Amino acid sequence: MLLPTGGGGMNSTMDDMNLIHQAQRHHLVVREIGEEIDLEIGHGDDDPSFSNNTLINVPPQESAAEDHDESKQMMIHQASGGNQDLLKTQPTKKKKKVVKRWREEWADTYKWAYVDVKDGTARIFCSVCREYGRKHRRNPYGNEGSRNMQMSALEEHNNSLLHKEALRLQMASKDKIVVDKPLYVKALMSKTAGSIIEAALKRDPHELEFIQSVQEAIHALERVISKNSSYVSTMERLLEPERTIVFRVPWVDDRGETHVNRGFRVHFNQTLGPCRGGLRFHPSMNLSIAKFLSFGQTLKNALSPYRLGGSSGGSDFDPKSKSDGEVMRFCQSFMNELYRYLGPEKDLPSEEMGVGTREMGFLHGQYRRLAGHSQGSFTGPRINWSGSSLRTEATGYGLVFFAQLILADMNKELKGLRCAVSGSGKIAMHVLEKLIAYGAVPITVSDANGYLVDDDGFDFLKISFLRDIKAQQRSLRDYSKTYARSKYYDEAKPWSERFDVAFPCASQNEINQSDAINLVNSGCRILVEGSNMPCTAEAVDVLRKANVLVAPSMAAGVGGVVAGELELKECNLNWSPEDFESKLQEAMKQTYQRALKAATDFGYQKESPEALVHGAVISAFITIANGMVDQGCV
């Protein structure tokens, strides 16, 4: 006997109650013969987040009528022919009240569900898989219409494969393991430029970060491509990396347990010279991120004063909370595979997210051991064996120098301006240092759990305290225990504070569309990208429409490239901070002027908020493209 799915209620007469008890006994017999899988799960215990779901009310007249019809049908199936007349005479008004009260009680008891109207009929839906009735159950006898049979339906609901998969994906997304987001494809003025993006989408449809970076580059190159159609094939060739290395990294933890991670290194383009690029150790690391980082590094290196190719890589290994021994064993295993692709004339890695002095030291030690020499430096800031003592400062300082160049063209200066900084790593801390030196007022930093704001502004003493907090792996909220006028906001970003200049230095896509709106409403007029591609495509559109001037990371972040090459080529010299900053400022000035010149050459006004973004991409691309044409089809 199949019971129809519906939302009927219980009758108050004794005959009707007997009929329902008969249906219950029949249902229990089905359970005893094993046709239904039983799983002991308490009321609504499958996911505590379902307690926030609210009951969606159904229009009273329509609901009552439908419930009356469904209830009649169910009782007709359950009853013998003699009782059908009794059911037909049941008052509609009373049934309406019972059904409404039962639904409210039911929704309060079973937090995993909600009521909605489907095709004119009120249905009980699963809050995870958004389905109802037999569509998400194996059990054909589970029925939504009877409260006494509802526990059976709940058990079968939680047994269903579809629901289990939906619940797994939901919990995984809460842990930030699974990220499912649509790809935002921009409309381009040129069909030719659009064809390049279509080809990239067809080849790598699931590499969202890489496709996003390609779209931004093509958007900047539309005028270049329209003037020279031969650049289309060159760009299509450029977008395919010269070499992609993916490898296994097995390692043993302190308990003797074996783990395996995945390693990446992408040599994107070596037209201009040997590769340079960072290593990132982070759980989110994948091939798409490695390709987007190496593509951006290729453009950044081409824009710098040096002739270099671009690369990037890393692993989904998380060095946080790992012991020195565990990090050493991982780094040695990682370098066992990668070392054969490294060298001063091949590729030299540098620090990136999750990779600091400790990691680079272990990597360099294993590289020296395997390669049999120590030529080339990719080791970081230790002056006794790596050259310049200002390697890590260079990127952060360069961002501030670049901002000062922009303001100088506006007849303004950083002194007195409120600045919002995201992140609290090496780059963010050095940005704070140089902002204070220029008389600016940096007011925020952030971490993975929220952001800290100090309206009085940070000073050198406060920065030292922040560094101690980070070194001890404590939360930024501990800062507020010492400085009472500051405040830490959980699960929030700093872009709603009032400030003049923004320095996003955390990670890619940290500023989404709503963040960009908050940023504009906060009075920000200049954004200097410290992290690679910090704005989503939707956020970029908001900033452009609001005339916020954006300094792209490929231009503003050239400082790290400059420091690395000075360290490699002049490693026997111990630079004084003044000499080093002088060379860094000159390199940033050259980069700024190159980007502006390329923009004006292709018709962008110097005052346009897109001038630096488009100019940087145009200058870098033309440099690489001309080299690729000269070298033939290689």
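Quick caveat, the model's predicted, so the values are computed rather than measured.

A. Representation of the packing of aromatic side chains within the structure. Enumeration according to the criterion identifies 20 aromatic pairs in this entry. With 5.2 Å between their ring centres and 25° between their planes, Tyr451 and Tyr489 make a pair best called stacked. Here Tyr451 is found in strand β10 (residues 450-453), whereas its partner Tyr489 is found in strand β11 (residues 487-490), with 38 residues between them in sequence. You can call Tyr451 buried: its relative accessible area is 3%. Taken together, a centroid distance of 4.8 Å and an interplanar angle of 25° make the contact between Tyr479 and Tyr483 stacked. In this structure Tyr479 comes out as buried when scored by relative accessible area, which is 0%. You can call Tyr483 partly exposed: its relative accessible area is 21%. Through successive ring pairs, a cluster of aromatic residues spans Phe247, Trp251, Phe281, Phe317, Phe330 and Phe334. The ring of Phe210 has Lys291 lying over it, and the distance from NZ or CZ to the ring centre is 4.4 Å. The residue whose ring lies beneath Lys434 is Tyr397, and the NZ or CZ to ring-centre distance is 4.4 Å.

B. Representation of the sheet that holds strand β14 (residues 549-551). With mixed pairing, the seven strands of this open sheet are ordered in space as β11-β10-β9-β8-β12-β13-β14. Edge positions in the sheet fall to β11 and β14, since each has one partner strand and no second. Taking the axes of each pair of neighbouring strands and ignoring which way they run, one obtains an average angle of 15° across the sheet. Two strands pair when backbone bridges link them, and strand β12 (residues 501-504) and strand β13 (residues 526-528) are joined in this way by two bridges, in the parallel orientation. Bridge pairing in β13 places Val501 opposite Ile526.

C. Summary view of the confidence of the model for the chain. Residues with a pLDDT of 70 or more make up 67% of the chain, whose mean pLDDT is 78. Per-residue pLDDT stays below 50 along residues 134-151; that stretch engages in 64 contacts with residues further than four places along the chain or on separate chains.

D. Structural detail: the packing of helix α8 (residues 208-220) against helix α11 (residues 287-303). Where α8 meets α11, the axes come as close as 6 Å, and the angle between the chain directions of the two elements is 25°. It follows that α8 is roughly parallel to α11 by the angle criterion. Across the interface between the two elements, Leu208, Glu209, Phe210, Ser213, Val214 and Ala217 from α8 touch Ser288, Ile289, Lys291, Phe292 and Phe295 from α11. For the contact of α8 with α11, the per-class residue count stands at seven nonpolar, two polar and two charged.

E. Region of the structure containing unusual backbone geometry. Despite not being glycine, Asn509 shows a phi value in the positive range, around 60°. Within the secondary structure, Asn509 sits in the loop between β12 and α19 (513-521). Take Asn509: its relative accessible area is 16%, and that puts it in the buried class. Of note in this structure, Asn547 is not a glycine but carries a positive phi near 60°. Checked against the element boundaries, Asn547 lands in the loop between α20 (537-545) and β14.

Criteria and cut-off values
Residues numbered from 1 in each chain as written. Predicted model: local features only at pLDDT ≥ 70, side-chain atom pairs only at ≥ 80, totals over all residues. Heavy atoms only, no water. Phe/Tyr/Trp six-rings, centres within 6.5 Å; stacked < 30°, edge-to-face > 60°. Helix = DSSP H or I, 4+ residues; strand = E, 2+ residues; numbered from the N terminus. Buried < 20%, exposed > 50% of the residue type's maximum accessible area, 1.4 Å probe, protein only. Lys NZ or Arg CZ within 6 Å of the ring centre and 35° of its normal. Pairing = 2+ DSSP bridges. Axes fitted to C-alpha atoms, helices over the stretch in contact; angles between N-to-C directions. pLDDT = per-residue confidence, 0-100. Contact = heavy atoms within 4.5 Å. Parallel < 35°, antiparallel > 145°, perpendicular 65-115°, else oblique. Nonpolar A, V, L, I, M, F, W, Y, C, P; charged D, E, K, R; others polar.

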